[in-house]
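Understanding the architecture of this molecule
One letter stands for each residue in the lines below.
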Amino acid sequence: MKILKKLNLNSSKIILLILIHLIGFLGIHSGYRLFFLSLSPINLLVSAFIIFFNEKIPYRLYLSLYFIFYGVEWLGVYSGWPFGTYFYAETLGIKVFQIPLIIGVNWLLLLHASQEIITKFLESLPFKTFRGDENAENGVYKQFPIAVLKASLVAALMLLIDYLIEPHAAELDYWHWFNDVIPLSNYLAWLLISFFCSLILSVAKSPRSSFSVAFSYLVILIMFFYFL
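Overview of the structure. Because the structure is predicted, anything quoted here is derived from the model rather than measured. (Residues numbered from 1 in each chain as written. Predicted model: local features only at pLDDT ≥ 70, side-chain atom pairs only at ≥ 80, totals over all residues. Heavy atoms only, no water.)

1. Quick notes on the packing of helix α4 (residues 59-79) against helix α8 (residues 184-203)
Just so we agree on the cut-off: For helices, the fitted line uses only the C-alpha atoms of the stretch in contact; every axis is such a line through C-alpha atoms, and the angle between N-to-C directions lies from 0 to 180 degrees. Runs of E in the DSSP output that reach at least two residues are strands. Runs of H or I that reach at least four are helices, and both are numbered from the N terminus. Here is the rule for angles: anything less than 35 degrees is roughly parallel, anything more than 145 is roughly antiparallel, 65 through 115 is roughly perpendicular, and the remaining ranges are oblique. By convention the crossing between two helices is left-handed if the near helix lies anticlockwise of the far one by an angle smaller than a right angle, and right-handed if it lies clockwise. Only heavy atoms enter the contact rule, under which two residues are in contact if any of them lie within 4.5 Å. Three residue categories are used. Nonpolar comprises Ala, Val, Leu, Ile, Met, Phe, Trp, Tyr, Cys and Pro, charged comprises Asp, Glu, Lys and Arg, and polar comprises the others, including Gly.
With their axes 11 Å apart at the nearest point, α4 and α8 run at an angle of 165° to one another. The angle between the axes of α4 and α8 places the two elements in the roughly antiparallel class. Like other packed secondary-structure pairs, α4 and α8 cross with a definite hand, here right-handed. Contacts from Leu61, Tyr62, Leu65, Ile68, Phe69 and Val72 in α4 reach Ile193, Phe196, Cys197, Ile200 and Leu201 in α8. Among the residues making up the contact of α4 with α8, the classes are represented as eleven nonpolar, no polar and no charged.

Given below as structure tokens:
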């Protein structure tokens, strides 16, 4: 019965995620483009609520990661390191120190979904080493190489997502690069930051959440920007 309720909840979450992104996609391509673009922060907040609802989320850990993401964005905007020279426009909503408050939520959603997908992928391999129940019995030092492998794959997945999003960021008035050129340093920074934060989640043994919802969110996001 609990499994059935969980399936129904996850199905409802996926349907809601599809609906809000479909409405946003159609709205951006309508005569009300600016209005729908202004709803981008709300879209991210609603997506976060849907994905995290009724899940065992380590909120203190996620809050710490939020401030890490916000900190590196602050460094990026004010120093040009590690991403390159860029600035945020007004579309992503309220800003503090020229950084949209919602940008940390975007990082968290991508990390959360990528972490769940890669964890599921590794567990599906025919090796006991990657299974959660086997890892739970191992010490930190034995788990660390697996955590490094997982973090590497998570970072690669997040890099691919960023590579897809970046060309559309300026046209959506999210952020703008100096001379409209996306520097290689941006992708390198995404790779390293994603790796480091994924490693934190793995070492901290962050609780599992719904794979189907996480997978669906990334697929929806990829399709949204691919067809944009």
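2. Here we look at the layout of surface pockets
Applicable threshold: Any residue with an atom within 4 Å of a point lines the site, the site being either a cavity, points on a 1 Å grid over the protein atoms alone where a 1.4 Å probe fits but cannot get out, or a pocket, an open set with protein on both sides within 12 Å along at least 5 of 7 lines. Grid points are joined across faces, edges and corners, and a volume is the space filled by probe spheres set on the points.
In this structure, the second largest pocket encloses a volume near 420 Å³. As for the second largest pocket, its lining consists of 22 residues, of which His21, Ser40, Asn43, Leu44 and Tyr174 are closest to the centre. Counting only elements with at least two residues in the lining of the second largest pocket, the list comes to α1 (2-28), α3 (40-52), α5 (103-124) and α9 (211-226). Across the lining of the second largest pocket, the residue classes break down as 17 nonpolar, five polar and no charged.

3. So, the pattern of salt bridges
Our working definition: Any Lys or Arg side-chain nitrogen found within 4 Å of a carboxyl oxygen on Asp or Glu counts as a salt bridge.
Tallying each qualifying case throughout the model produces four salt bridges. One salt bridge connects glutamate 90 with lysine 95, and the closest N-O pair in it is separated by 3.1 Å. Look at the salt bridges and you will find they share partners, linking Glu116, Glu123 and Arg208 into a network.

4. A closer look at the packing of aromatic side chains
Defined as follows: Here is the rule: rings of Phe, Tyr and Trp (six-membered ring for Trp) pair when centre to centre is within 6.5 Å. Planes less than 30 degrees apart are stacked, more than 60 are edge-to-face, and the remainder are tilted. Only protein chains enter the area calculation, which uses a 1.4 Å probe; residues under 20% of their type maximum are buried, those over 50% are exposed, and those in between are partly exposed.
Summed over all chains, the structure comprises 19 aromatic pairs. Between tyrosine 174 and tryptophan 175, the ring centres sit 6.2 Å apart and the planes meet at 35°, which makes this aromatic pair tilted. Among the residues examined, tyrosine 174 registers a relative accessible area of 10% and is labelled buried. The class of tryptophan 175 is buried, set by a relative accessible area of 11%. Where tyrosine 226 meets phenylalanine 227, the ring centres are 5.0 Å apart and the plane angle is 90°; that geometry is what we call edge-to-face.

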